[in-house]
Amino acid sequence: MKNHSLALKLSAGFGFLFLYAPIVALIIYSFNESKLVTVWGGWSLKWYVELFQNDQIMDAAWVSLKIAFISATLASILGTLAGFVLSRMGKFRGKTMMAGWVTAPLVMPEVITGLSLLLLFVAMESMFGWPAGRGTTTIVIAHTTFCLAYVAVVVQSRLSSMDETLEEAAMDLGAKPVSLFFLITLPLIAPAILSGWLLSFTLSLDDLVIASFVSGPGNSTLPMVIFSKVRLGVTPEINALATLMILVVSIAVIAAIFIMRRQNRFQNP
């Protein structure tokens, strides 16, 4: 039994080492004085200073954050509605087809998704004149499309495991469907919606393939700029940028965990 427990601990240790050792190395080398990323030259913050003075990276970062926020918000709204319909509306004609359409982006290769959306936008522009060219609007629509699936799955899972007697009790007390949703159902599934929003935000911020298909000149996202620079060689500025992105995501995850734990304590005192 002790050998079995030791083997599990060693396996977990090697797994965490394999996952997080490269990230730790990247963070350490972001403070490297040397311009060569593989040669240690002492501790320094100069690459962070140069990073904030790089207009191309800063503009791309702002575009990516704006797109990720809008896409995650839209995907959370539409995904919540889709998950609610699939979980609470019972059997209806076309439900299986709708479920397949909603979850299709989960298994669809990103290259196929990006190419399909590009052809759709080109056809829409030729027929209706909108969207005019490829830019922020087309990227937001594309990211909302594939992030919606993740939110719908998370919300539907939460609704399926939720105690329906609370909703039934509210209906017995005279609650109307709209009031029931906003006063009872929505607070109960709020942790799932928040998790879906964070997942959508991360996926949108990290996307490279789909954004490359549906973006136009002057609307390069941060992953696209990083990829173009890495092809010429990794620079210390990229390490500094990656460290800041890790910091932002870590803060968002910690805040989400704190909010969900606080809500669970409130619901289950």
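Residues numbered from 1 in each chain as written. Predicted model: local features only at pLDDT ≥ 70, side-chain atom pairs only at ≥ 80, totals over all residues. Heavy atoms only, no water.

Visitor: Which residues make up the UniProt feature "domain: ABC transmembrane type-1" (unreviewed entry) in the protein, and what are the values?
Guide: UniProt records the feature "domain: ABC transmembrane type-1" (unreviewed entry) for residues 61-259 in the present numbering. Counting secondary structure, residues 61-259 comes out at 82% helix and 0% strand; the distance between its end C-alpha atoms is 26 Å. (UniProt positions renumbered as here; feature names shortened; annotations may be inferred. Helix = DSSP H or I, 4+ residues; strand = E, 2+ residues; numbered from the N terminus.)

Visitor: Can you explain a nonpolar patch on the surface? Please cite residues and give values.
Guide: Together, Phe-16, Phe-18, Leu-19, Tyr-20, Ile-23, Val-24, Ile-28, Trp-40, Trp-43 and Ile-246 give the surface a local cluster of nonpolar side chains, amounting to about 1100 Å² of exposed area. Looking at the nonpolar patch, the element that brings in the most residues is helix H1 (residues 2-29), giving seven residues. Within the fold, Trp-40 resides in the loop between H1 and helix H2 (46-52). (Patch = residues over 30% accessible without salt bridge, like charges linked within 9 Å, V, L, I, M, F, W, Y side chains within 5 Å. Areas by Shrake-Rupley, 256 points an atom, 1.4 Å probe, with all protein chains shown as cover. Salt bridge = Lys/Arg side-chain N within 4 Å of Asp/Glu carboxyl O.)

Visitor: Report on the confidence of the model for the protein, specifying residues and quantitative values.
Guide: Mean pLDDT over the protein works out to 86, with 96% of the residues at or above the 70 mark. Across the protein, the element-wise mean pLDDT spans from 79 in helix H11 (residues 236-267) up to 92 in helix H9 (residues 209-214). (pLDDT = per-residue confidence, 0-100.)

Visitor: With reference to specific residues and values, describe the side chain of Thr-138.
Guide: Structurally, Thr-138 can be placed in helix H6 (residues 136-161). Residue Thr-138 is classed as buried on the basis of its relative accessible area of 1%. At 2.8 Å, the side chain of Thr-138 forms a polar contact with the backbone oxygen of Gly-135. In contact with Thr-138, other than residues within four places in its own chain, are Phe-121, Pro-131, Gly-133 and Val-214. (Buried < 20%, exposed > 50% of the residue type's maximum accessible area, 1.4 Å probe, protein only. Polar contact = N/O pair within 3.5 Å; in protein donor to acceptor, adjacent residues only side chain to side chain. Contact = heavy atoms within 4.5 Å.)

Visitor: Quick one: what's the story with the pattern of salt bridges, residue by residue and with numbers?
Guide: Scanning the entire structure with this criterion turns up three salt bridges. Here Lys-46 ties to Glu-33 by a salt bridge, and the two come within 3.8 Å at their closest N and O atoms. One end of the pair, Lys-46, is in helix H2; the other, Glu-33, is in the loop between H1 and H2, and 13 residues separate them in sequence. Glu-167 is the partner of Arg-88 in a salt bridge, and the nearest nitrogen-oxygen pair spans 3.1 Å. One end of the pair, Arg-88, is in helix H3 (residues 55-88); the other, Glu-167, is in helix H7 (residues 165-172), with 79 residues separating them in the sequence. Residue class for Glu-167 comes out buried when judged on its relative accessible area of 7%.

Visitor: Lay out H6 with the relevant residues and their values.
Guide: A rise of 1.5 Å per residue sets the reference length of H6, with its 26 residues, at 38 Å; its end C-alpha atoms lie 37 Å apart and thus fit the reference within 8%. Of all bends in H6, the biggest is about 30 degrees, found at Cys-147. (Expected span 1.5 Å × (residues − 1). Bend = angle between axes of the 7 residues up to and from the residue.)

Visitor: Provide a residue-level description of the UniProt feature "transmembrane region" (unreviewed entry) in the protein, including the pertinent values.
Guide: In the UniProt entry, the feature "transmembrane region" (unreviewed entry) is given for residues 12-31, 67-86, 98-124, 136-157, 178-199 and 238-260. In the segment residues 12-31, helix accounts for 90% and strand for 0%; the C-alpha atoms at its two ends are 29 Å apart. The span residues 238-260 is 100% helical and 0% strand by assignment, and the distance between its end C-alpha atoms comes to 33 Å.

Visitor: An account of the side chain of Ser-71 is requested, with residue identities and associated values reported.
Guide: Checked against the element boundaries, Ser-71 lands in helix H3. When neighbours within four sequence positions are excluded, Ser-71 is seen to be in contact with Val-140, His-143, Thr-144 and Ser-204.

Visitor: So what about the packing of H3 against H6? Which residues, and what values?
Guide: Contact geometry of H3 with H6 gives a least axis separation of 5 Å together with a crossing angle of 40 degrees. The orientation of H3 with respect to H6, classified from their angle, is oblique. In this structure, H3 meets H6 at a crossing whose hand is right-handed. (Axes fitted to C-alpha atoms, helices over the stretch in contact; angles between N-to-C directions. Parallel < 35°, antiparallel > 145°, perpendicular 65-115°, else oblique. Left-handed = near helix turned anticlockwise from the far one by under 90°.)

Visitor: Explain the environment of Leu-186 to me, using residue names and the numbers behind them.
Guide: Note that Leu-186 resides in helix H8 (residues 177-206). Linking Leu-186 and Thr-80, residues 106 residues apart in sequence, is a C-alpha distance of 9.4 Å. Every residue in contact with Leu-186, bar those within four places of it in the chain, is listed here: Phe-181 and Ile-193.

Visitor: Pulling in residues and values, what's your account of the packing of H6 against H8?
Guide: Between H6 and H8, the least distance of the axes is 9 Å, while the angle of their chain directions is 150 degrees. Considered as vectors, H6 and H8 are oriented roughly antiparallel to each other. Here H6 and H8 pass one another in a crossing that is right-handed. Counted together, His-143, Phe-146, Cys-147, Tyr-150, Val-151, Val-154, Val-155, Arg-158 and Leu-159 of H6 and Thr-185, Leu-188, Ile-189, Ala-192, Ile-193, Gly-196, Leu-199, Ser-200, Leu-203 and Ser-204 of H8 form the full contact between these two elements. In terms of residue class, the contact of H6 with H8 is made up of 13 nonpolar, five polar and one charged. (Nonpolar A, V, L, I, M, F, W, Y, C, P; charged D, E, K, R; others polar.)

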